[in-house]
Amino acid sequence: GMALPQRILFPPEVICMDWQQRQRPGAGLCNLGSTCYINVILQCLTYTPPLANYLLSRDHSQLCHRQGFCMMCVMEAHVRKVLRSSASVIRPRAVVRDLKFIGEEFEPDMAGDAYEFLRCALEAMQRACLNGRRDVDISSPTTTIIHQIFGGILKSRVTCLTCQAVSDSYKAFLHVLLDIKAPSSLTAALENFVTPKKLDGKYCFKCSKCEKKVTASKRVTVHHVPKVFTVCLERAADHTGKKISKIVEYPEYLDLRPYMSDIAGEPLLYSLYALVVHSGDTCLDGHFFCYTKAGNGLWYKMDDESVDNCGIHTVLRQQAYLLFYAR
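Residues numbered from 1 in each chain as written. Predicted model: local features only at pLDDT ≥ 70, side-chain atom pairs only at ≥ 80, totals over all residues. Heavy atoms only, no water.

Some details on the packing of aromatic side chains
Then, in step 1: This model, assessed by the stated rule, comprises 10 aromatic pairs.
Then, in step 2: With a centroid separation of 5.8 Å and an interplanar angle of 35°, the aromatic rings of Tyr37 and Phe106 are classed as tilted. Linking Tyr37 in helix H1 (residues 36–46) with Phe106 in the loop between helix H6 (99–102) and helix H7 (114–130), this pair joins segments that are 69 residues apart in sequence.
Then, in step 3: Using a relative accessible area of 1% as the deciding quantity, one classes Tyr37 as buried.
Then, in step 4: Taking the ring centre of Phe289 as reference, the NZ or CZ of Lys301 above it sits at 4.6 Å. (Phe/Tyr/Trp six-rings, centres within 6.5 Å; stacked < 30°, edge-to-face > 60°. Helix = DSSP H or I, 4+ residues; strand = E, 2+ residues; numbered from the N terminus. Buried < 20%, exposed > 50% of the residue type's maximum accessible area, 1.4 Å probe, protein only. Lys NZ or Arg CZ within 6 Å of the ring centre and 35° of its normal.)

Observations concerning the state of the cysteines
Then, in step 1: Scanning all chains against the criterion turns up zero disulfides.
Then, in step 2: There is no disulfide at Cys120, and the cysteine sulfur nearest it, in Cys232, is 13 Å away. (Disulfide = S-S within 2.5 Å.)

Here we look at the pattern of salt bridges
Then, in step 1: According to the stated counting rule, one finds six salt bridges in the structure shown.
Then, in step 2: The salt bridge involving Lys155 is made with Asp168; its shortest N-O contact spans 3.9 Å. With a gap of 13 residues between them, Lys155 in strand S3 (residues 152–160) and Asp168 in strand S4 (residues 166–173) connect regions that are remote in the sequence.
Then, in step 3: Taking the relative accessible area as the measure of exposure, Lys155 reaches 13% and is therefore buried.
Then, in step 4: The residue Asp168 makes a salt bridge to Arg157 at a minimum N-O spacing of 2.7 Å. Separated by 11 residues along the polypeptide, Asp168 in strand S4 and Arg157 in strand S3 bring together distant segments of the chain.
Then, in step 5: Exposure remark for Arg157: the relative accessible area of 36% places this residue in the partly exposed category.
Then, in step 6: Salt bridges sharing common partners tie together Glu105, Glu116, Arg119 and Glu123. (Salt bridge = Lys/Arg side-chain N within 4 Å of Asp/Glu carboxyl O.)

Side note on helix H4 (residues 71–84)
Then, in step 1: Over its 14 residues, H4 extends 19 Å from the first C-alpha to the last, a length consistent with the 20 Å expected when each residue adds 1.5 Å.
Then, in step 2: Counting buried positions over the 14 residues of H4 gives 10, a clear majority of the element.
Then, in step 3: Buried residues of H4: Met71, Met72, Val74, Met75, Glu76, His78, Val79, Arg80, Val82 and Leu83, and no others. (Expected span 1.5 Å × (residues − 1).)

Some words on the pairing of strand S12 (residues 269–279)
Then, in step 1: Within S12, eight of the 11 residues are buried, which leaves the element mostly enclosed by the surrounding structure.
Then, in step 2: The pairing of strand S11 (residues 253–255) with S12 spans three bridges and is classified as antiparallel. Opposite Asp255, over in S12, you have Leu269 as the bridge partner.
Then, in step 3: As paired elements, S12 and strand S16 (residues 320–326) share six bridges and run antiparallel to each other. Across the sheet, the residue bridging to Val276 is Leu322, located in S16.
Then, in step 4: Sheet topology note: the S12/strand S13 (residues 287–293) ladder contains six bridges and is antiparallel. What sits directly across from Val276, in S13, is Cys290. (Pairing = 2+ DSSP bridges.)

Put into structure tokens, the structure is as follows:
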């Protein structure tokens, strides 16, 4: 359904999903004011094995001719510093200094949202991979290293309830936002995500066959799975900042097959390797910390400067906000 890319910007076959070096966890990160929302995303990206492997190889910086700010070069230097230096704590100064290039809404001395920072950081890395290239077709941007790791494709099928005509569209994604107002588990939230929704009233669908606005059914499914599946459990109850504080259960191992456009076939198994927790009564204040699985296969709680060993039972009992699963 999507146009095939005419150029492959990064070969997917060279992506290594396992740590190329088994190593203990690296440094904690100083909180430079109100930067816990930045620290948790930097840590989760640092412990994303295929991204860390690529950044540690220095392949990007050796070929980068970008003038000025480059998010890939910044991340490469950051990951090398965290994982390769002997320091127990480092200051992520470069990231905080250039926050405005990552997202205009971020200020160094103001609190921010971890999901928004993740979204902007991935987009900034994507821009760095494209590096202002004008020679790419409409689908080639989905073949950068960032899309090859985090990117999948969603299929949206709209069915006219009058004549049963079907209209399919496709959209690339780097992360998925899930409604948790009713669901009490990740699998229930994913089930809700792929359940058909009725389009009527002001959301009526213009059917090309009926040639008028009609009531329709819309179903979104995962059409192409990413190597790393990133989920945000939407904890904002409304626009006032009121927070949904309930525990939403999530598994260590997740099968994405039931949420695919084609549910026939082998299970598509993913393993949890990082999650972000928000503590606080509302979405507008509080604190972010995270849990990551290091290259030695052990879990650690990372709370700004502190890095503490913990077990999987602790990891699975959190009020999770962001979840990172690797294929």
